[in-house]
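Chain by chain, the residues:
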Amino acid sequence: MSDTKPKSRHPKSRLRKYSRRAFLIGATAVAGGVAFGTYVVKRPHDNPLLADLKHGEAAFNPYVKITGDKITLIATHTDKGQGVHHSQAVLIAEELDVELDQVEISFGKPAPAYWNTGLANDAVPFSAFDESLAARATRGAISSLGKVIGLMVTGGSSSMPDQYEKLRSAGAVARETLKAAAAKETGVPVAQLKTERGMVILPDGTELPYTGLAGSAAEMEPVTDVALRDPSQWRMIGKPMQRVDVVAKSTGTMTYGIDVKIDGMVHAAAKVNPRQGGAMISYDAAAALDMPGVQKVLVLQGEMLDPEPDGSLTRRRTQVGVAVIANNTWRAFQALDAIDITWGSAPYPAEMNSHWQTLSDSFTEDRLDSEWRTDGDVETALKGAEILQAEYRTPYVAHAPLEPISAIIRADKDGAEVWAGHQIQRFAQMKVAEVLGLDDPEKVTLHNQFIGGSFGHRLEFENITTAAEIARQMPGVPVKLTFSREEDFAHDFPRQIAMARSRGAVKAGKVDAFDLQIAMPSVVTSQMSRAGQPAIGPDNQIVAGAFNMPFDIPNLRVRGYRAPELAPISSWRSVGASSHGFFAEGFFDELCHAAGADPMEERLRLVNKSVHRKVLEAVAEMSNWGSDLGPNRGRGIAMVESFGVPTAEVVEVTATEDGIKIDKVYVAADVGQIIDPINFENLMQGGVVWGLGHAMNCEITYSDGMAEQSNFDSHEAMRLYQCPEIIVRGLENGDAIRGIGEPPVPPAAPALANAIFAATGTRLREMPFANFVDFV
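Residues numbered from 1 in each chain as written. Predicted model: local features only at pLDDT ≥ 70, side-chain atom pairs only at ≥ 80, totals over all residues. Heavy atoms only, no water.

A. Fine view of the overall build of the chain. A tally of helices and strands in the chain yields 20 helices and 27 strands. Of all 776 residues assigned to the chain, the portion counted as buried reaches 61%. At a minimum sequence separation of 6, the contacts of the chain that also span at least 24 residues come to 78%. Summed over its atoms, the accessible surface of the chain is roughly 29,100 Å², and 50% of this surface lies on carbon and sulfur atoms. (Helix = DSSP H or I, 4+ residues; strand = E, 2+ residues; numbered from the N terminus. Buried < 20%, exposed > 50% of the residue type's maximum accessible area, 1.4 Å probe, protein only. Contact = heavy atoms within 4.5 Å. Areas by Shrake-Rupley, 256 points an atom, 1.4 Å probe, with all protein chains shown as cover.)

Here it is in structure tokens:
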């Protein structure tokens, strides 16, 4: 909760279309969606584990299954390297009283029971402010939609907010039901029974394994009146642990989606119009068909986007590319390169300067998506003042995970099986069913897999739908589609391009006014349209990480302008905040400098929430802020709240003769409750490296409608020798648990830019910074 109320409510414009009735319906959905009873009702559609249950096996809820030979924990959130497979198991095991080496951890099957309540509740993060009726309606509508369609999704740093209560409750229900079964078998009162290491222990020391009690427990109604343990009793949560996947990943034995093999499968590679949404005009595959190992060349059908005079896009199915079927992936890649293809034009501006011009032209009233923050009176404050103004820019950036996207699909007229790692499992089923013409997505079985990096990439479906289109033409044959790195880059949906225009003024050595205006295309509209779902209301990602800056600046306004759709875009690690944290904290630093105020002290003076203050104080203490670093050195501070997590970073740099050297980074964040301190530290450090590296070096640019960057050599993040020492501190003062996968990213760029200014006097207002300064 905020310690200080804002001076005014903010949203207007199109937000006002929401009614009070819409809000009330949404609020009811939120309240009803997280009730404990939702997860213990013994109906197959509520508990998917019951559908395949054999005699003598127990499934007390959707997350715990016990048979005569093993205990299985269901961890439905997709593991992309962030350790959530481990963390979910820890939450169940804490209450179930098992050790992780005693259990099998499964991704489970897609089902409505696993809908993500955490994402719905955090979809509109108004933690710093009184929510408007419209914002609450948006939150409620998303929650209601998520429940109705069974929105099973990993993203938005929502895994722990979603699962923290659910999984501990699931473990507790299973534990108490097993104790009740033991009491029934032995006649010993439940109050005299203990549990430890997967066993119920009688007063005389007799140990009854959970697996031996499964049959009895299966005949009982689950014990649902269970209190969760006090944190003082925790054995695992909050304690340093070795993740369950560390050994496999360290020894090269982990099976990722790209490693899966199915008997009888063929290998496929595809080439689709690099002008995304454009058609294929013609092709000549004669040379490819004569190459060793090549079995056939298929034409791919897909959606083409036709631009209309009003700027909208009309979809139609047409030929979009070709696929090669071969006896191994390399031969398929080589054959693709031998095909002569003529491509159609792009449905968006072909050259990069037109993209920037579109943003520049979008700062108009008819493009105003929302006015998310209006404290004080900015226009009055700026009248007669010496106005500081600046324009900031952030480019498109690729996801570029280390594991290229892939999928295996075997399909026939009756259904399909899919082996792939994906973050929205039920939507993936729907997309495959749509391509195959199946009348029910439940006819598609998805075997989710470990993912070697995503950063938002595997929220998309291009590998799934392309593999399905190939499988449709080869019924009964398992088809393994693997994207080349170049094809992955060409068909990535990158981070949004964005532009900000800021004005501000200072008074009596203090920041007095800040007017921040941001223009970008809607990432929500772009992404949801590909998922076949409607975008609901204004897109808060146009101002995320900026409108919720936790500072009581006397006169503060944040506006978002929805630019026309350009190149298709998608969620990228921290989404809008990855750009807008740079816009907000970069210009705030400029205002501090203009006022002659210390950047840390000014933030501490203006910060309006105690949790955020403690984060700033922590990073100030960690970095010994205010001490003399010596010549040619500088410090930069930035704090951004994203996904409800206040995160502050201090970057220290040295200006050498050869360029900027990043020396140290200090980062502090408050997530309410840390599940595993080691994994927390890893995620914080990884987020910092990700944010710094992309701010330094990365951009996607378009020429002739195609992305010019096609591999890591032209989209180069931070090198190992450039990586600074990163010191981490986690705080637990917040009143709700939050995820940490994305929040360390947004402060990295502005903290680095502000440090470079402190060391050199050069102000950076556009990424990538390497276009303006050298790094060593």
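B. Just the environment of G705, in detail. Tracing the backbone shows G705 in the loop between β25 (702-703) and β26 (706-707). For G705, a relative accessible area of 0% corresponds to the buried category. Sequence separation of G705 and P274 is 431 residues, and the distance between their C-alpha atoms is 7.8 Å. Among residues more than four places away in sequence, those in contact with G705 are P274, R275, A346, Y348 and A350.

C. A look at the sheet that holds strand β27 (residues 725-731). Across the sheet, four strands lie side by side as β22-β23-β24-β27; this open sheet has mixed pairing. With one partner strand each, in any of the chains shown, β22 (633-642) and β27 form the two edges of the open sheet. For this sheet the average axis-to-axis angle between neighbouring strands, irrespective of direction, equals 15°. Looking at chain direction, strand β24 (residues 660-670) and β27 are connected through seven bridges and run parallel. Residue D670 lies in a different strand from β27, and its bridge partner there is L731. (Pairing = 2+ DSSP bridges. Axes fitted to C-alpha atoms, helices over the stretch in contact; angles between N-to-C directions.)

D. Looking closely at empty space enclosed by the protein. Scanning the entire structure with this criterion turns up seven cavities of 30 Å³ or more. Estimated volume of the largest cavity: approximately 50 Å³. Around the largest cavity, the lining residues are R495, W572, S578, G691, H694, A695, V745, A749 and M767. In terms of residues, the lining of the largest cavity owes the most to one element, helix α19 (residues 677-697), which gives three residues. (1 Å grid on protein atoms, 1.4 Å probe; cavity = no way out; pocket = protein on both sides within 12 Å on 5 of 7 lines; lining within 4 Å. Points joined across faces, edges and corners; volume = space filled by probe spheres on them.)

E. View of the nonpolar core. Counting residues in hydrophobic clusters, the biggest one holds 103 residues, and the most contacted among them are L516, L752 and F769. Those residues within four positions of L752 in sequence are excluded, and the remaining contacts are V651, V653, I662, L692, M696, F769 and F775. Within the second largest apolar cluster, 53 residues are counted, among which are L96, L167, A182 and M236. (Core = buried A, V, L, I, M, F, W, Y, C linked by side-chain atoms within 4.5 Å.)

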